[in-house]
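# Inside the fold
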Amino acid sequence: MEATEPPELVIEAGRSSRHYWRDLWRYRELLFFLAWRDVKVRYKQAVLGAAWALVQPLVTMVVFTLVFGKLAGMPSGTTPYPLLVLAGLLPWQLFSGAFSGSSGSIIANANLVSKVYFPRLVVPLAALAVALIDFAVVFVMYAGFSTWFGIWPTWRLLALPAFMLVALLIALGAGLWLTALTVKYRDFRFIVPFLLQVGVFITPVGYRTDNIPNWRDLLALNPLTGVIDGFRWCLLGGDYQVSAGLMGTSLLVAALLLTTGVWFFRATERTFADII
Amino acid sequence: MSLPNPLSTLHRHRDLVVQFTHRELQLRHRGSRLGHVWALLSPLTMMALYLFVFGLIFKSKFGVLPNETTFDFALALLLGLSFYHVIAEAIAAAPMLITNQPNFVKKVVFPLEVIPFSTVASSLYHALLSILLLLAIAVFSRAGVSWTGALALPVLLLPLAFMALGLAWGMSALGVFVRDITHLTPFMTTVVMFSSAVFYAPPTRDPQIWAFLKFNPLLLLINEARKAVLWHAPIDYGVMGYVYLFAAATVALGYVLFALLRPYFAEVL
């Protein structure tokens, strides 16, 4: 793709910021390399590789089925409880992987950031790749369970990528905020595990949203609620409904998070190399 | 092969223990603006969020105090979380403790058992802080604090320290050889959290689940601590005997594992 003649380089004030999005496209190879590196680290260093991606959702499925399904006696409708939990865990894992990856990404690549110029947005974007690969692994497991419980995919499965995209965008929006904030205030490191540990309960991963009518409106403010309902609608079939209000809130919050996230990231990224 | 006595080793290197614990506490808050305020802020935030989910949404109750309020629930929650965090932090940190310090293994003669010990000591320090905070808040609850129960806290915290120490020693030694343990720790902490009834009453009424959970020493210990400090009930010494036995076995096993594997650390690091 390279021309034999090196391109002319004009250095002028504000140029990099005017050409930001074009630069982002030009640096796509870096994006692929960073993503590839992360995936390689995740799946080559550990002996069992993919197995670790499976252990966590599997154990969480068992624990949630016992605690929410058996102890708390939450109803699951027509679907078996483990499958209900797993269908909620799919988007949750996608989100939490993408969120924790992107929010730690700038600090994790401190050496790269402080040494050379490139659109910093590449780093948190590349961090999404590992989450996607993990998602694919868990999805295969889900397909196995789904077949075992005798629930077959319908045409609704076609809508799944849309819900995946929403989950990823929410994660990216929140991740951009946190990664930019962590560069300046290291305290925010503590916030991510916090949010994830508690988020798994505030998000209806282990239970159905239609069981708790009095808190449903509050839970709907969590953009992942809509995504999880969407996933269950796509995967479980049957009596699952996607409420337009819930989905609307999801999209609205996702759009808000993403635009403000990109704005804040862009506003602070010039200082990253100096203060990291 | 005879194993060195860990008590005499730790006593001989007590200055190192103090320094490492201090360093551990410093490191945890390095570079953060609020610094040590986090030690108090983080358990409180945790409690508030769990309270919202389990207390308000699920209306979970421990059902021991008559007319249990949300405030009573929050106090019992905070006490359970403080105990749980000591174990969870030991599990989460242990596998990398020795692995991250190859210089201490290869370059100098160093009492390595000090490193896991001071990690546990620093998380116990944080637990103590949040328990003191809890006692200060609990004074305002309707049931109040049982001061005789509060005096029994050292008896309740000792087995907790032993279990954490045993886990830290054992897992830090294993972590040197099996790097993959770090992938296991997040779900180990999840399992410990749910099986220890941190935010729900011990499920005595569900015979299938209780048949397993009644052997969980952390669940029993947390329950005894809540009874003693918050619920004005006497400690069940039979239960405490079991917990102490388990804790002693954990710390002994953890140490033996550590001491047996240590000669080989330098070969793989």
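Quick note: structure is the one above.
All of the points below concern the structure found in this document.

Parameters and conventions
Residues numbered from 1 in each chain as written. Chains lettered and ligands numbered in written order. Predicted model: local features only at pLDDT ≥ 70, side-chain atom pairs only at ≥ 80, totals over all residues. Heavy atoms only, no water. Helix = DSSP H or I, 4+ residues; strand = E, 2+ residues; numbered from the N terminus. Rg over C-alpha atoms; globule rule 2.2 N^0.38 Å. Buried < 20%, exposed > 50% of the residue type's maximum accessible area, 1.4 Å probe, protein only. Lys, Arg positive; Asp, Glu negative; His and termini not counted. Charge placed at Lys NZ, Arg CZ, Asp CG, Glu CD. Contact = heavy atoms within 4.5 Å. Areas by Shrake-Rupley, 256 points an atom, 1.4 Å probe, with all protein chains shown as cover. Core = buried A, V, L, I, M, F, W, Y, C linked by side-chain atoms within 4.5 Å. Expected span 1.5 Å × (residues − 1). Polar contact = N/O pair within 3.5 Å; in protein donor to acceptor, adjacent residues only side chain to side chain. Buried area = accessible area lost by both parts, 1.4 Å probe. Salt bridge = Lys/Arg side-chain N within 4 Å of Asp/Glu carboxyl O.

Let us look at the overall build of chain A. Within chain A, the secondary structure is distributed over 14 helices and zero strands. Going from the N terminus to the C terminus, chain A shows its helices and strands as α-α-α-α-α-α-α-α-α-α-α-α-α-α. At 20 Å, chain A has a C-alpha radius of gyration in line with the 19 Å of a compact globule built from 276 residues. Each of the three principal axes of chain A carries a C-alpha extent, and together these read 65 × 40 × 35 Å. Counting all 276 residues of chain A, 49% fall into the buried class. When the 21 basic and 15 acidic side-chain charges of chain A are each reduced to a single mean position, those positions are 4 Å apart.

This part covers the overall build of chain B. Summing up its helical and strand segments, chain B has 13 helices and zero strands in all. Along the chain direction, N to C, the helices and strands of chain B fall in the order α-α-α-α-α-α-α-α-α-α-α-α-α. Expected size for 269 residues packed as a compact globule is a radius of gyration near 18 Å; at 19 Å, chain B falls within 12% of this value. Principal axes of the C-alpha set define a box for chain B whose edges measure 60 × 45 × 35 Å. Within chain B, buried positions represent 55% of all 269 residues. Partitioning the intrachain contacts of chain B with sequence separation of at least 6 by distance along the chain shows that 77% fall at a separation of at least 24. Accessible area for chain B stands at about 12,300 Å²; split by element, carbon and sulfur atoms hold 69% of it.

What follows is about the nonpolar core. Residues Phe201(A), Tyr50(B), Phe83(B) and Phe199(B) are the most contacted members of the largest nonpolar core, which totals 177 residues. Per-element tally for this core: the top contributor is helix H4 (residues 70-97) of chain B, with 17 residues. Filtering out sequence-adjacent residues up to four positions away, Phe83(B) remains in contact with Ile131(B), Leu156(B), Leu157(B), Leu160(B), Leu221(B), Ile222(B) and Ala225(B).

Residues and elements named next belong to chain A. Compared with the 20 Å implied by 1.5 Å per residue over 14 residues, the 20 Å span of helix H13 (residues 223-236) between its first and last C-alpha is a close match. Buried residues dominate H13, accounting for 14 of its 14 residues. Its side-chain oxygen at 2.9 Å from the backbone nitrogen of Leu-224, Asn-222 defines the N-terminal cap of H13. Following H13 by one or two positions, Gly-237 has its phi on the positive side, about 65°.

This brings us to the interface of chain A and chain B. Each side of the interface is counted separately: chain A has 34 residues, and chain B has 35 residues. Roughly 3,000 Å² of surface becomes buried between chain A and chain B when both sides are summed, with 76% attributable to carbon and sulfur atoms. Our count for the chain A to chain B interface comes out at zero salt bridges. At the boundary of chain A with chain B, the tally comes to one residue pair in polar contact (both at pLDDT 80 or more). Counting residues per element, the ones that place at least two in the side of chain A that touches chain B are helix H4 (50-71), helix H11 (188-202) and helix H12 (213-220) of chain A. When residues in the side of chain A that touches chain B are grouped by element, the largest group, 11 residues, is from H4(A).

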